[in-house]
Amino acid sequence: AAVEYYEWLEENPLRKVEKPPETPGRTRFLTPEERDKLLLACQHSRNPHLYTLVVLALSTGMRKTELRELRWVDVDLQRGLLRLAVTKTGKKRSVPVSGMALERLRWQSVQQRYCPNELVFPRADGKKPTLIEAAWRMACQRAGLEDFHFHDLRHTTASYLAMSGASLLEIAEVLGHKGLGMVQRYAHLSEG
């Protein structure tokens, strides 16, 4: 604006400054053995929601916030769909859920005596989303996982999809990315 609109400067002084190289995206994902150890540790967690949250994260690639803020009104147990009204990208999206993840959600609905406007994963007061940070750290410690974040479950989902032959476009669709840039890091996994 200072150059073109206000004409205060003849040229942008930052035009000659080189941008630092982009850091490679984190691609830490679970091996099948690590996954089994983590799931076992989550089953033994004192947090009643941790196991189901992790199973859903691995099955859907959903973000932690999307999972924690999920309400029963957005869960279609018959069709196996989760409707996300608010996502990081600002777009609504539907996420298919099947297999063990769908069974865990059905179990959860029975445990909570399903009420449409309630959270799927509430704290004891029923009004706020469950807190999982301490339980997550403990489960990772019990599973012997080092440097593993909850968000790495998304990387695990994407990596498993790539290794099973899914295209980058399909992976981007599952994860809810607007473009292919974010999923390029999984390209090498689908080449083998």
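Structural data are supplied above this passage.
Parameters at a glance
- Residues numbered from 1 in each chain as written.
- Predicted model: local features only at pLDDT ≥ 70, side-chain atom pairs only at ≥ 80, totals over all residues.
- Heavy atoms only, no water.
- Pairing = 2+ DSSP bridges.
- Helix = DSSP H or I, 4+ residues; strand = E, 2+ residues; numbered from the N terminus.
- Axes fitted to C-alpha atoms, helices over the stretch in contact; angles between N-to-C directions.
- Parallel < 35°, antiparallel > 145°, perpendicular 65-115°, else oblique.
- Left-handed = near helix turned anticlockwise from the far one by under 90°.
- Contact = heavy atoms within 4.5 Å.
- Nonpolar A, V, L, I, M, F, W, Y, C, P; charged D, E, K, R; others polar.
- Salt bridge = Lys/Arg side-chain N within 4 Å of Asp/Glu carboxyl O.

## A look at the sheet that holds strand β1 (residues 75–76)
Adjacent strands of a sheet pair through backbone hydrogen bonds, lying either parallel or antiparallel.
Link 1 in the chain: Ordered in space as β1-β2-β3, the 3 strands form an open sheet in which the pairing is antiparallel. The outermost strands of the open sheet, each flanked by one partner alone, are β1 and β3 (93–96).
Link 2 in the chain: With 2 bridges connecting them, β1 and strand β2 (residues 81–84) associate as antiparallel partners. Bridging from a neighbouring strand, D76 pairs with L81 of β2.

## Observations regarding the packing of helix α1 (residues 32–43) against helix α5 (residues 133–143)
Link 1 in the chain: Here α1 crosses α5 at 130°, and the two axes come no closer than 8 Å. Comparing the axis directions of α1 and α5 gives the class oblique. α5 is crossed by α1, and the crossing has right-handed handedness. Two secondary-structure elements touch here, α1 through K37, L38, A41 and C42 and α5 through W136, A139, C140, R142 and A143.
Link 2 in the chain: Counted by class, the contact of α1 with α5 contains 7 nonpolar, no polar and 2 charged residues.

## Here we look at the pattern of salt bridges
Link 1 in the chain: One pass over the full model with this rule turns up 7 salt bridges.
Link 2 in the chain: Where R28 meets E34, a salt bridge forms, and the shortest distance between an N and an O atom there is 3.2 Å.
Link 3 in the chain: Residue E103 pairs with R106 through a salt bridge whose shortest N-O separation is 3.1 Å. With E103 and R106 both in helix α4 (residues 99–111) and 3 residues apart, the pair spans about one turn of that helix.
Link 4 in the chain: Salt bridges here are not isolated pairs; linked through shared partners, they connect R63, E66 and R93.

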